[in-house]
Amino acid sequence: MSIGPNFIRLARLAEERCVPLSVTLELGLACNLRCVHCYNFDRDLPRHPSPTRGAEMSDAEIFRVIDEVRAEGALFLAFTGGEPLSHPRLDEFVAHAARTGMLVRLKSNGTLLTRARARDLTRRGVRAVDVSVYGASSRTHDDFVRQDGAFVKTLAGIRNSRQAGLEVRLSFIVSSANSEEVTSMIVLAHRLDVPFNLDTHLTARHDLSRSSLGLALDRSAFERLYRGPLAPFVRAPRAQGDPIACPCARSVCGIGSCGDVYPCIGAPLPAGNVRGGGFRAIWRESPTLRWVRGLRNTDFSACDGCSHAPYCHRTSGVMLNNTGEFTGPRNFGDDACCVEAEVIHEAAEGTEAKLAG
């Protein structure tokens, strides 16, 4: 499941033909941790049923959705939550998806990946696991997930997964709570001998609450990081004029635990519900998905022509959650990603000046 030239070619072809190559399926919102930033809802407060969401999908509905996304061309299926390992029938979902020919991965906090569980999941068909990590120390990580001992369990889960033959990738979420440990987080990934990605974007929650944004990085934090541990990542991720739109609704799709179909799992813009006619009809006919596919750079008013755009890590999911607009921000500076792009641009120009001198 590693990203190589063949995958890139396949992804581009899928995007051109609007084939849902990569689907993320949310099995439920139950989780054994209470992460401070959780995008579902604030897990430290009583949960109230959302008036806009129905009941979570039944097991039979999940099995049906697995078949439907495969029939529409999905090759990569990621199970997420909540914590997917909290679902009592995860093993059966994995085996069913693997039998259809899809490559299955999990998005997990890693704490429930015991040796026996990791081996069994591998045997049933899981190929890879993305493990979220929130620091380089027990103190920082455990405070963030609000459970003592979680860091040790997460590291054990990473090692158990590797020993079971799974591909493992660490997902480091960088916030004001752990920004001082970024260097140590990178060292940790190297010590574990696993690849990693660093996500510097926090989002408002899908229940519309915004307390999670209190941990967002500010300009001074971005400047310190991109002059320090993130300096190797100071480069333009795309050329000026490249598409601003993500692969959302083209080669990527998300399905929420209640059956809502989204352009991607991070962008909760309902395009229909699988209970109302099935995935194929939604994927092919939804006005919402067609609108997303038709977006051009000029539809992103603050981004089109922005001098910092080549350095921007903008995603439509972050914008939708934080600004309320899929094509946001409306104005430069409305979201932290604008500040980050400006800082990266300035750092890149500083590096070029040093090399020229």
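Here, the structure is the one placed above.
What comes next is a walk through the structure. (Residues numbered from 1 in each chain as written. Predicted model: local features only at pLDDT ≥ 70, side-chain atom pairs only at ≥ 80, totals over all residues. Heavy atoms only, no water.)

Comments concerning the overall build of the chain
(1) Moving on: Of the regular secondary structure elements, the chain holds twelve helices and eight strands.
(2) Moving on: Rg of the C-alpha trace for the chain: 20 Å, near the compact-globule value of 21 Å for 357 residues, within the 12% margin.
(3) Moving on: Taking the principal axes of its C-alpha atoms as reference, the chain extends roughly 60 × 45 × 45 Å.
(4) Moving on: For the chain, buried positions account for 52% of its 357 residues.
(5) Moving on: Summarising the internal contacts of the chain: among those between residues at least 6 apart in sequence, 72% fall at separations of at least 24.
(6) Moving on: Summed over all atoms, the accessible surface of the chain reaches about 16,100 Å², with 52% contributed by carbon and sulfur.
(7) Moving on: Considering the chain, the positive charge centre built from 43 side chains and the negative charge centre built from 40 side chains are found 6 Å apart. (Helix = DSSP H or I, 4+ residues; strand = E, 2+ residues; numbered from the N terminus. Rg over C-alpha atoms; globule rule 2.2 N^0.38 Å. Buried < 20%, exposed > 50% of the residue type's maximum accessible area, 1.4 Å probe, protein only. Contact = heavy atoms within 4.5 Å. Areas by Shrake-Rupley, 256 points an atom, 1.4 Å probe, with all protein chains shown as cover. Lys, Arg positive; Asp, Glu negative; His and termini not counted. Charge placed at Lys NZ, Arg CZ, Asp CG, Glu CD.)

Remarks on the sheet that holds strand 5 (residues 167–173)
(1) Moving on: Reading across the sheet, the eight strands line up as 6-5-4-3-2-1-7-8 and stay open at both edges, with mixed pairing between neighbours. Because the sheet does not close on itself, it has two edges, and the strands there are strand 6 (196–199) and strand 8 (261–262).
(2) Moving on: In this structure, strand 2 (residues 76–80) lies alongside strand 3 (residues 103–108), joined through four bridges in parallel fashion. In the sheet register, Phe76 faces strand 3, and the bridge partner there is Leu103.
(3) Moving on: Contacts from helix 3 (residues 90–99) reach strand 2, strand 3 and strand 4 (126–133), with the element oriented near 175 degrees to strand 2. (Pairing = 2+ DSSP bridges. Axes fitted to C-alpha atoms, helices over the stretch in contact; angles between N-to-C directions.)

Keep in mind these numbers describe shape, not what the thing actually does.
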